Amino acid sequence: MKKMGDMLLRKGSFSEIVMGNTALVRAMIESGTRVVAAYPGSPTPEIADAIGAISKETRPFYFEFSTNEKVAAEITFGAALNGHLSTVFFKSVGLNVAADTFVQLNHMNIIGGMVVVIGDDPGANSSQNEQDNRHYAHMSYIPVFEPASPTEVYTFYKAAAELSRKMQMPILLRLTTHVCHAKEKVRFGGWDPQLPDDTPAFDPGNGPYIPLTTEVFPMKRRALQRLADVEAYANHAPLNTCVDHDNPKQGIITMGLPFLSLMDVLQEAEKKPDILKLGIVHPLPRQVVRDFLKSHREVKLLEELDNVLEKEIKLMAFDEKLDTTIIGKQELEDWIDEYTPDKVSAIIRKTWPDMLPLKTEREIDKPYVPMRPAQMCPGCGHRSAFHAIKKALDENAITVADIGCHTLGFMPPYGVGEILMCMGASTAMGSGLSLFNTTRKVVAFLGDSTFFHAGLPGIVNAVFNKHPITLILMENGTTAMTGHQDHAASGRNFNEVTDRIPVRQVLEGLGVTHIYEVDTYQQSRLTERVKQALNDDAFSVVIAKHPCMLKFNREQRRKPGCQARQVHIDQNKCRQIHKCVERFGCPTFVLEKDNRITVNPDLCIGDGSCRQTCPAEAIGAPETAQGDSNETV
Ligand code: SF4
Ligand code: SF4
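The rules we used
- Residues numbered from 1 in each chain as written.
- Chains lettered and ligands numbered in written order.
- Predicted model: local features only at pLDDT ≥ 70, side-chain atom pairs only at ≥ 80, totals over all residues.
- Heavy atoms only, no water.
- Helix = DSSP H or I, 4+ residues; strand = E, 2+ residues; numbered from the N terminus.
- Buried < 20%, exposed > 50% of the residue type's maximum accessible area, 1.4 Å probe, protein only.
- Contact = heavy atoms within 4.5 Å.
- pLDDT = per-residue confidence, 0-100.
- Arc of directions from axis to C-beta.
- Phe/Tyr/Trp six-rings, centres within 6.5 Å; stacked < 30°, edge-to-face > 60°.
- Lys NZ or Arg CZ within 6 Å of the ring centre and 35° of its normal.
- Near = heavy atom within 4 Å.
- Nonpolar A, V, L, I, M, F, W, Y, C, P; charged D, E, K, R; others polar.
- Patch = residues over 30% accessible without salt bridge, like charges linked within 9 Å, V, L, I, M, F, W, Y side chains within 5 Å.
- Areas by Shrake-Rupley, 256 points an atom, 1.4 Å probe, with all protein chains shown as cover.
- Salt bridge = Lys/Arg side-chain N within 4 Å of Asp/Glu carboxyl O.
- Lys, Arg positive; Asp, Glu negative; His and termini not counted.
- Charge placed at Lys NZ, Arg CZ, Asp CG, Glu CD.
- Axes fitted to C-alpha atoms, helices over the stretch in contact; angles between N-to-C directions.
- Parallel < 35°, antiparallel > 145°, perpendicular 65-115°, else oblique.
- Left-handed = near helix turned anticlockwise from the far one by under 90°.
- Pairing = 2+ DSSP bridges.
- Right-handed = clockwise from strand over helix to strand, strands pointing away.

Residue placement: V518 occurs in strand β18 (residues 514-519). Exposure remark for V518: the relative accessible area of 1% places this residue in the buried category. Sequence separation of V518 and H107 is 411 residues, and the distance between their C-alpha atoms is 49 Å. For V518, the contacting residues outside a window of four places in its chain are R525, L526, R529, I543, A544 and K545.

It is worth spelling out the confidence of the model for the protein chain at this point. Residues of the protein chain with pLDDT of at least 70 account for 97%, and the chain-wide mean is 94. Counting interchain partners and residues more than four positions distant, the pLDDT-below-50 stretch residues 627-633 has 19 contacts.

Among the residues making up helix α11 (residues 286-294), those that are buried are V289, F292 and L293. Relative to the axis of α11, the buried residues are bounded by an arc of 100° and lie together on one face.

This brings us to the packing of aromatic side chains. Evaluated as defined, the whole model comprises ten aromatic pairs. Of the aromatic side chains, those joined through ring pairs into one cluster are F63, F65, F89 and F494. When the ring centre of F14 is taken as origin, the NZ or CZ atom of R10, which lies over that ring, is 4.5 Å away. Over the face of the ring belonging to F259 we find K277, whose NZ or CZ atom lies 5.6 Å from the ring centre.

Taken together, 14 residues are adjacent to ligand 2, and C586, C604, D607, G608 and C610 come closest. The class makeup of the residues in the shell around ligand 2 is eight nonpolar, five polar and one charged.

Taken together, the side chains of K390, K391, R575, K579 and R583 define a basic patch exposed on the protein surface. When residues of the positive patch are traced back to their parent elements, those giving at least two are α15 (381-392) and α21 (579-584). Mapped onto the fold, R583 is located in helix α21.

Where helix α2 (residues 20-31) contacts helix α3 (residues 45-52), the axes come no closer than 8 Å and their chain directions differ by 50°. With respect to α3, the element α2 is oriented oblique. Remark: the crossing between α2 and α3 carries right-handed chirality. Of α3, the residues touching α2 (which contributes N21, T22, L24, V25 and M28) are E46, I47, A50 and I51. Here the residues of the contact of α2 with α3 sort into six nonpolar, two polar and one charged.

Further remarks concern the side chain of H387. Take H387: it is sitting in helix α15. Taking the relative accessible area as the measure of exposure, H387 reaches 10% and is therefore buried. In this view, H387 contacts Q523, R583, F584 and T613; residues no more than four positions away in its chain are not counted.

Of all six residues in strand β19 (residues 540-545), five are buried; the element is thus mostly enclosed. Pairing of strand β17 (residues 470-475) with β19, which is carried by six bridges, proceeds in the parallel orientation. If you follow T470 over to β19, its bridge partner there is S540. When β18 meets β19, the two strands line up parallel, connected through six bridges. Directly across from D519, in β19, lies its bridge partner K545. Once you follow β18 into helix α19 (residues 523-535) and on to β19, the crossover reads as right-handed.

An order of β15-β16-β17-β19-β18 is seen for the five strands of this open sheet, with the pairing classed as parallel. Strand pairing shows two members of the sheet lacking a second neighbour, β15 (398-400) and β18, which therefore form its edges. Neighbour-to-neighbour, the strand axes of this sheet turn through a mean angle of 20°, independent of strand direction. Pairing of β15 with strand β16 (residues 442-447) involves three bridges; the strand directions are parallel.

On the surface, L332, W335 and I336 cluster together into a nonpolar patch covering about 290 Å² of accessible area. By relative accessible area, which is 35% here, W335 ends up partly exposed.

This brings us to the site of ligand 1. Within the structure, ligand 1 sits among M376, C377, C380, H382, C405, N476, A480, H484, C548, M549 and L550. For the shell around ligand 1, a count of residues per class yields eight nonpolar, three polar and no charged.

Once that is clear, we can look at the packing of helix α10 (residues 256-265) against helix α13 (residues 341-351). One can describe the packing of α10 onto α13 by two numbers: an axis separation of 8 Å at closest approach and a directional angle of 70°. Put simply, α10 runs roughly perpendicular to α13. Contacts between α10 and α13 pair P258, S261, L262, D264 and V265 from the former with P341, V344, S345 and I348 from the latter. The residue makeup of the contact of α10 with α13, split by class, is six nonpolar, two polar and one charged.

Structure (structure tokens):
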């Protein structure tokens with residue numbers, strides 16, 4: 001990591017193979033970005049990894065993980081009002097949380113400049129939906145730059161930062177999962193480590209900054225005018241490019257990953273269409289698009305997720321009475337999933353059946369990739385918790401999940417957490433499920449990072465409106481699912497050790513009177529406490545705590561002298577009733593063909609939380625793994 005940090009701070013220009021998320025950090029540095037804030041979420045966590053590779057002392061900008069995306073957006077907006085070029089980044093659905101602030105941004109004069117980096121997730125690789133955040137940009141009058149590769153992440157960020165600072169408005173840099181994680185050799189420019197003047201520059205005279213009464217319309221006019229000015233810029237910006245195949249009949253307008261997939265697919269085409277690749281997708285560079293439409297008889301719009309461009313381009317063609325045939329989305333599947341080469345190949349075949357050979361070489365040679373279902377890590381405290389909690393629930397109970405590793409409790413063998421919405425929604429949904437309900441207990445689940453992110457209002461509401469549900473707060477001390485980022489109860493922030501905000505004290509401060517606290521490895525105690533909580537005729541909280549074992553284990557491994565430990569099955573005691581596999585479900589257990597249970601030594605971490613599950617007491621105490629080096633736990 002130090003190497004990465006050194007690389008990112010090089011003064012001269014250089015080339016390096018990096019992923020899009022890393023290229024973004026170098027672009028921030030070269031642009032003179034001074035304040036960056038974020039909330040963790042895929043596909044953007046590697047941006048913070050790259051930032052973390054630079055020591056706090058040498059990092060040319062301030063960075064923090066804020067408590068949620070809205071707070072992160074407000075931190076960066078506030079810093080930009082003081083004249084600092086700022087950037088906020090988060091995942092796709094994070095914009096729903098930040099929306100209240102985001103929609104207002106272009107109504108303000110952001111004198112330092114502000115780039116909002118979104119990691120959209122076509123394919124829903126790590127999100128609860130595939131939302132297309134260009135819609136938010138449209139309703140907020142905020143321009144959208146959309147890079148297709150790590151090189152473009154770098155160049156587009158720099159262009160966005162420059163334009164944002166010049167026009168004092170926010171720019172949305174829309175990344176997608178593929179672009180964040182793709183790697184390529186990027187040619188970086190030089191960096192002048194001279195830091196800018198940090199004198200606080202906030203001046204209400206730069207406003208208006210109070211969007212009330214008579215100021216609302218002028219502020220909206222200003223936002224619309226700036227958007228129109230960006231369109232004039234977009235019509236000449238080198239971020240929109242044409243690939244000319246000398247084909248006046250067929251053209252394709254596309255952007256981002258679909259462009260890369262298209263270039264791949266067209267390698268096998270005899271007669272290739274011309275391509276207009278948009279880098280600025282909002283506002284639409286109408287002059288560029290008009291010229292392309294006019295010079296082709298048929299134009300296909302190749303657009304991942306929603307038909308945002310299609311609506312705009314068809315409307316423009318109608319208004320201007322263009323007679324080009326415009327082909328947009330043709331069937332429901334065109335709205336869904338990442339536009340990989342296979343998907344693009346199928347779409348092109350639908351549009352122009354003769355353009356590609358019958359089967360491409362890639363399709364014929366496609367290797368078989370087995371599915372790998374999501375599951376909790378070996379030794380995860382959540383597994384122990386679900387095993388214990390399930391024993392306390394009757395079959396009528398309604399269980400409500402939230403976002404985090406514990407979401408996986410819905411899977412067999414636990415089946416706990418039957419509905420999921422979004423960050424922090426479980427308590428209020430559970431409260432709703434308790435109304436007119438005297439027969440079915442309602443149990444909501446919430447992680448500790450989510451507790452601070454968006455969980456508090458639902459809890460306040462449950463206390464204040466006296467909703468008699470049970471909340472199980474799964475406290476593992478970290479934001480585990482997105483890569484173990486610290487949160488308010490971790491005792492660390494991104495930069496240093498800090499005061500821990502204890503979950504229990506917050507609950508007490510909010511007026512929760514029925515609180516139980518149990519380590520999840522103490523299964524029978526946890527079962528009892530959940531039963532007690534369910535019998536309370538009030539809002540009750542069970543704090544089910546155990547450190548995230550993946551993080552804990554990694555930290556232990558770094559300590560000298562640590563030895564790997566594992567459990568083993570005493571085959572003489574084992575009655576082959578398989579409760580460890582069927583009810584506990586640690587992926588370490590292997591059901592052999594002869595019905596024996598064995599332990600996979602490569603997976604077992606030797607925490608022993610499984611021992612309580614075996615009625616025959618056949619799982620032995622963890623022992624030092626035989627023949628193991630002293631480098632692992
Ligand atoms: S990362 Fe941590 S909390 Fe998440 S499943 Fe693994 S051990 Fe459990
Ligand atoms: S001791 Fe091994 S088998 Fe038991 S829960 Fe931990 S990782 Fe799984």
